[in-house]
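Single-letter residue listing:
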Amino acid sequence: GDSIAYKAAAASAFTAMHAYVDYRDMARSFDGAQAIEQDIGVQLLKSDVPQKPSGACRITLGKLAGLTFKPVNVRSDTSGNYWEFEVVKVNA
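Not measured: the values here are computed from a predicted model.

(A) Local environment of the overall build of the protein. Per the secondary structure count, the protein includes zero helices and six strands. The buried share among the 92 residues of the protein stands at 32%. Partitioning the intrachain contacts of the protein with sequence separation of at least 6 by distance along the chain shows that 40% fall at a separation of at least 24. Counting every atom, the protein has about 5800 Å² of accessible surface; 49% of that belongs to carbon and sulfur.

What follows is the structure, given as structure tokens:
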């Protein structure tokens, strides 16, 4: 897994943990031009994060130092053991 820091909505500090982070590139079309946008998917063990992550939670990723993200499109994986979601950059 990748090193991340996670802060729950009601928490005052980040907690270091490991997660599976997928840094994928996706082609997007804008008015006839194409650009590459990075979609980042995160998978966290429910035993590490028992409450479903919300948009009020914050995440930092080891590979993208200095940036803070929030979870979006949060769902349970097919096994029921992980939270899966994408992240969107936010101002700290």
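Let us keep going from here.
(B) Just the packing of aromatic side chains, in detail. This structure, assessed with the given rule, holds one aromatic pair. Note on Tyr20 and Tyr82: the rings are 6.2 Å apart at their centroids and 65° apart in plane angle, and the pair reads as edge-to-face. One end of the pair, Tyr20, is in strand S2 (residues 15-30); the other, Tyr82, is in strand S6 (residues 82-90), and 62 residues separate them in sequence.

What counts, and where the lines are drawn
- Along each chain, residue indices are assigned from 1 in the same order as the chain's sequence is written.
- Selection of residues for local features in this predicted model requires a pLDDT of at least 70, selection of side-chain atom pairs for listing and counting requires 80 or more, and totals for whole chains, interfaces and linings are taken over all residues.
- Side-chain numbers here rest on the full set of heavy atoms in the structure, without hydrogens or water.
- Put simply, DSSP H or I for four residues or longer makes a helix, DSSP E for two residues or longer makes a strand, and each gets a number counted from the N terminus.
- Accessibility here uses a 1.4 Å probe with only protein chains present; expressed as a share of the type maximum, an area under 20% marks a residue as buried, one over 50% as exposed, and anything in between as partly exposed.
- Contact between two residues is taken to exist if any of their heavy atoms lie within 4.5 Å; hydrogens are not considered.
- Here, Shrake-Rupley sampling with a 1.4 Å probe gives the accessible areas, and only protein chains in the shown set may cover a residue.
- Stacked, tilted and edge-to-face are the three classes assigned to paired rings of Phe, Tyr and Trp, where Trp is represented by its six-membered ring and a pair needs centres within 6.5 Å; plane angles under 30 degrees give stacked, over 60 edge-to-face, the rest tilted.

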